Amino acid sequence: MDINMKKLLIILLTVLLFAIGCTSTQTKNVLNPDEIITQYAEAISNKDAKTIVLLYGGDYEFMEIFSEEQYRNDKEKVVENYLKVIPEKIYFNEIQSKNEVGKDEFEYEVTFKTENGSIFEVGDSETRNGVFKYIVRKVDGQYKVMDVPPYQP
């Protein structure tokens, strides 16, 4: 076999093995609901609209009201505009609980922290709440988060 042909074969095999490795890692993450909710909460912390769109499986109707009409068909822009209504920088804190509520469906309770380290809460002085519930459901073979990021009116 010619030396150039051997080099080409080695390069092709290396690329193939790399591609297989990347694919299996992505599939593992997609199939694990704990990883999905963690990635989603971290995307909220990072205000990463692109990742949120990837992991979100719910309706965009509520989030759309924070975008001008011309942007409402652009899911990433809708999420980006929605994230602007969170009044402060928040950071994913922890998953407090996980309950299986149906076949391939889980309810998580998640908390976030503010920049000063206190628990992020929403609501008025009488109804403050710092625990956010999220449903993670398998949709078309992939787990998706069905609830929007925290909203503070």
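Numbers given for residues are sequential positions, taken from 1 along each chain in its written order. Whole-chain, interface and lining totals are the exception, using all residues; otherwise, since this is a predicted model, local features are given only for residues with pLDDT of at least 70 and side-chain atom pairs are given and counted only at 80 or more. Processing note: side-chain calculations cover all non-hydrogen atoms of the structure and skip hydrogens and water entirely.

### Description of the confidence of the model for the chain
Then comes step 1: Every residue is assigned a pLDDT by the predictor, reflecting its confidence on a scale from 0 to 100. Confidence along the chain averages 84 in pLDDT terms, with 78% of residues attaining 70 or more.
Then comes step 2: Highest mean pLDDT in the chain belongs to helix α3 (residues 49-55) (97); lowest belongs to helix α1 (residues 3-31) (52).
Then comes step 3: Any pair of residues with heavy atoms lying within 4.5 Å of one another is described as a contacting pair. Note on residues 22-30: pLDDT under 50 across the span, and 6 contacts to partners over four residues away in sequence or across chains. Each helix is a run of DSSP H or I of at least 4 residues and each strand a run of E of at least 2, with the numbering of both proceeding from the N terminus.

### Describing the pairing of strand β4 (residues 142-145)
Within a regular strand, side chains alternate between the sheet's two faces.
Then comes step 1: As paired strands, strand β3 (residues 132-139) and β4 are joined by 4 bridges and run antiparallel to one another. Looking at the pairing, R137 lines up with K144 of β4.
Then comes step 2: If DSSP finds at least two bridges between two strands, the strands pair. If you look at the hairpin formed by β3 and β4, you'll find 2 residues sitting between the two strands, and D140 has a positive phi there, around 50 degrees.

### A closer look at the pairing of strand β1 (residues 90-102)
Then comes step 1: Of the strand pairs in this sheet, β1 and strand β2 (residues 105-114) are connected by 10 bridges, and their pairing is antiparallel. Bridge pairing in β2 places F92 opposite F112.
Then comes step 2: In this structure, the hairpin formed by β1 and β2 is closed by a connection of 2 residues, where D104 is found at a positive phi of approximately 60 degrees.

### Thoughts on a nonpolar patch on the surface
Then comes step 1: Note on patches: the residues involved have over 30% relative accessible area and no salt bridge, like charges join within 9 Å, and the nonpolar side chains Val, Leu, Ile, Met, Phe, Trp and Tyr join within 5 Å. We get accessible surface area from the Shrake-Rupley algorithm with a probe of 1.4 Å; when it comes to residues, only the shown protein chains can shield them. Any Lys or Arg side-chain nitrogen located within 4 Å of an Asp or Glu carboxyl oxygen qualifies as a salt bridge. A cluster of nonpolar side chains, namely F62, I65 and Y151, defines an oily patch on the protein surface of about 270 Å² accessible area.
Then comes step 2: Along the polypeptide, Y151 turns up in the segment after β4.
Then comes step 3: Accessible area is worked out with a 1.4 Å probe on protein chains only. A residue is then buried under 20% of its type maximum, exposed over 50%, and partly exposed in between. Classification of Y151 by relative accessible area gives partly exposed; the value is 31%.

### Some points on helix α2 (residues 33-45)
Then comes step 1: Taking 1.5 Å as the rise per residue, α2 with 13 residues should run 18 Å; its terminal C-alpha atoms sit 18 Å apart, in good agreement.
Then comes step 2: Listed as buried for α2 are P33, I36, I37, T38, Y40, A41, A43, I44 and S45.
Then comes step 3: Within 3.5 Å is the distance limit for a polar contact, defined as a pair of N or O atoms, with the added protein rule that one can donate a hydrogen and the other accept it, and that residues adjacent in sequence qualify only through two side-chain atoms. At the N-terminal boundary of α2, the capping side chain belongs to N32, with an oxygen 2.9 Å from the backbone nitrogen of D34.
Then comes step 4: Of the residues flanking the end of α2, it is K47, one or two places downstream, whose phi is positive at about 50 degrees. Expected helix span is taken as 1.5 Å per residue step, with the number of steps being one fewer than the number of residues.

### So, the pattern of salt bridges
Then comes step 1: For the structure shown, the criterion picks out 7 salt bridges.
Then comes step 2: For D34, the salt bridge identified is with K98, shortest N-O distance 3.0 Å. With a gap of 64 residues between them, D34 in helix α2 and K98 in strand β1 connect regions that are remote in the sequence.
Then comes step 3: Residue class for D34 comes out partly exposed when judged on its relative accessible area of 31%.
Then comes step 4: For K98, a relative accessible area of 38% puts it in the partly exposed group.
Then comes step 5: For E109, the salt bridge is made with K133, and the minimal N-O distance between the two is 3.7 Å. Here the residue E109 occupies a position in strand β2, and K133 occupies one in strand β3, the gap between them amounting to 24 residues.
Then comes step 6: Under the relative-accessibility criterion, E109 is labelled partly exposed at 22%.

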